[in-house]
Amino acid sequence: MLENLNHSQAVEADQAVSKSLDEVNGTIEVPKNAGFWRTLKAFTGPGVLIAVGYMDPGNWITSIAGGAQYKYRLLAVVLISSLIAMMLQAMAAKLGIVTGKDLAQLTREHTSKVGGFVLWVIAELAIMATDIAEIIGSGIAIQLLFGIPLIVGILITALDVLLLLLLMKMGFRKIEAIVATLVAVILVVFGYEVFLAKPDLGGIVNGYLPTSDLITNHGMLYLTMGIVGATVMPHDLYLGSSISQTRKVDRKNRGEVAQAVRFATIDSNIQLFIAFIVNSLLLILGAALFFGKNSSMGRFADLFASLNNSAIVGAIASPALSMLFAIALLSSGQSSTITGTLAGQIVMEGFVRIKAPMWVQRLITRLLSVTPVLIFAIIYHGNEAKIEGLLTFSQVFLSIALPFAVIPLVLFASNKQLMGEFANKPWIKICAWVATVVLVVLNIYLILQTIGIVA
């Protein structure tokens, strides 16, 4: 049960607790009485880091597989998932700005020790699942670019701890700029490749209209949940509630809080719209190149090879396209490590209240994530298709873990005692709960189908 805590009390109580991501909290200045575009520029950045989590390698494999198996029919899932993500991420940013605490801190404060521990474990497992996607994507990209065995490439990804530490020393604003550049590369690469693939525009438009097959067809439902899990990321909700606080805002000043909420929402929606475009391009590319082909199509290595094979993709085939794809994949995997690391720190400090150097947290998280992937790779002798199957499963797990982050988020963001005038409006609250209930029902249905209880 939520404690009786109003907004002013939350501001005062915030002074007595450690700040979320204390090393960057409130470090970025915001211009006073500036115009719209200058103010938006100051608040632009957190949304980019959030968006990276929505276009990581986990999205790639589920979207490409969805297009390869069902052509454009799963575009509706990408659209609906993106709209839900926009709503939830705006809610998470608002929660952090208004209360001065992140979702993990608030959840721990308002749950029992046992409940907090269970939610912490689920959150950590979700971060591990996200890390698995980054490891597999980066490992395969390294193999494609340099011809290094996949197992060795997976081991190399464990060294990204050093890369992250170097980036963190450059400052948070520079990290936002670097990630934004990587996102632009991904967008341009796939926009260009889809343009060359000449997909069916009519089929694309119809694909954004949902059908009952998304639920009744077990194969489509499995990929639907994978896309939802890969698009609406549990760890991004914790992350969004924290990095929205990197801007210097006086929470005792109602005007500054309202401005911060407004521009954080705009930033988040713009960047997540870009993520929506990227995810759509991935599915469209999978459909255009692989639909109707043999079942081995639609995976990273297949797509890499096909882009240089005129027998499959026709005149657009070239080594340059293949290399661009691999570079984009590596960029996606490595940029996603930033969000995973920050989310890991937020979850650990918020739930367990244990502070540890970032490199220690990153090393532990990465080793825990690398181990199952390595075991899987060794068992299947580095078979990319089998390993990418693990990646798809990890995205389904993320979808199952999502309600455990969404439900507390909606509860807190809708609570007037906690949020004051910034609490969710009735229509937003209704939409949020409808999305949450549908997600939970679909998860239960998927589990029952998987174990054979329902057809």
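Scoring rules and cut-offs
- Residues numbered from 1 in each chain as written.
- Predicted model: local features only at pLDDT ≥ 70, side-chain atom pairs only at ≥ 80, totals over all residues.
- Heavy atoms only, no water.
- Helix = DSSP H or I, 4+ residues; strand = E, 2+ residues; numbered from the N terminus.
- Buried < 20%, exposed > 50% of the residue type's maximum accessible area, 1.4 Å probe, protein only.
- Contact = heavy atoms within 4.5 Å.
- Core = buried A, V, L, I, M, F, W, Y, C linked by side-chain atoms within 4.5 Å.
- Patch = residues over 30% accessible without salt bridge, like charges linked within 9 Å, V, L, I, M, F, W, Y side chains within 5 Å.
- Areas by Shrake-Rupley, 256 points an atom, 1.4 Å probe, with all protein chains shown as cover.
- Salt bridge = Lys/Arg side-chain N within 4 Å of Asp/Glu carboxyl O.
- Axes fitted to C-alpha atoms, helices over the stretch in contact; angles between N-to-C directions.
- Parallel < 35°, antiparallel > 145°, perpendicular 65-115°, else oblique.
- Left-handed = near helix turned anticlockwise from the far one by under 90°.
- Nonpolar A, V, L, I, M, F, W, Y, C, P; charged D, E, K, R; others polar.

What follows concerns the overall build of the chain. In terms of helices and strands, the chain carries 23 helices and 0 strands. Counting only residues that meet the buried cut, the chain has 57% of its 455 residues in that class. Pairs at least 24 residues apart make up 84% of the contacts formed inside the chain by residues separated by at least 6 positions.

One finds Trp-60, Leu-74, Phe-190, Tyr-238 and Phe-325 to be the most contacted residues of the largest nonpolar core, which totals 131 residues. Looking at this core, the element that brings in the most residues is helix H15 (residues 254-290), giving 17 residues. In this view, Tyr-238 contacts Asp-102, Leu-103, Ala-104, Ala-123, Ile-346, Val-347, Phe-351, Phe-404 and Ala-405; residues no more than four positions away in its chain are not counted.

Together, Val-114, Phe-117, Val-118, Val-121 and Leu-125 give the surface a local cluster of nonpolar side chains, amounting to about 440 Å² of exposed area. Within the secondary structure, Val-118 is located in helix H7 (residues 113-146).

In this section: the environment of Val-52. Topologically, Val-52 is positioned in helix H3 (residues 46-53). Under the relative-accessibility criterion, Val-52 is labelled buried at 2%. When the C-alpha positions of Val-52 and Ser-336 are compared, they lie 5.9 Å apart, and in sequence the two are 284 residues distant.

With that settled, the discussion passes to the packing of helix H5 (residues 75-99) against helix H21 (residues 403-414). Where H5 contacts H21, the axes come no closer than 10 Å and their chain directions differ by 55°. With respect to H21, the element H5 is oriented oblique. Viewed along their axes, H5 and H21 form a crossing whose handedness is left-handed. Of the residues in H21, those touching H5 at Leu-88, Met-91, Ala-92 and Leu-95 are Val-406, Leu-409, Val-410, Phe-412 and Ala-413. The residue inventory of the contact of H5 with H21, partitioned by class, reads 9 nonpolar, no polar and no charged.

Okay, the pattern of salt bridges next. This structure, assessed with the given rule, holds 7 salt bridges. A salt bridge links Glu-29 to Lys-248; the nearest nitrogen and oxygen atoms lie 3.4 Å apart. Remark: Lys-248 occurs in the loop between helix H14 (234-243) and H15 and Glu-29 occurs in the loop between helix H1 (7-14) and helix H2 (36-43); sequence separation between them is 219 residues. Of the residues examined, Glu-29 reaches a relative accessible area of 54% and is grouped as exposed. Residue Glu-176 pairs with Arg-173 through a salt bridge whose shortest N-O separation is 2.9 Å. In this pair, Glu-176 and Arg-173 are both assigned in helix H10 (residues 172-197), 3 residues apart and thus about one turn of the helix distant. Residue classification places Arg-173 among the partly exposed positions, given a relative accessible area of 34%. Among the charged side chains, a salt-bridge network with shared partners connects Arg-173, Glu-176 and Arg-247.

A separate point is unusual backbone geometry. The general pattern is negative phi for most residues beyond glycine and trans for most peptide bonds. Despite not being glycine, Asn-33 shows a phi value in the positive range, around 55°. Tracing the backbone shows Asn-33 in the loop between H1 and H2. For Lys-198, which is not glycine, the phi torsion reads 50° and is therefore positive. Looking at the secondary structure, you find Lys-198 in the loop between H10 and helix H11 (201-207).

Everything listed here is a matter of coordinates, which is why it stays silent on function.
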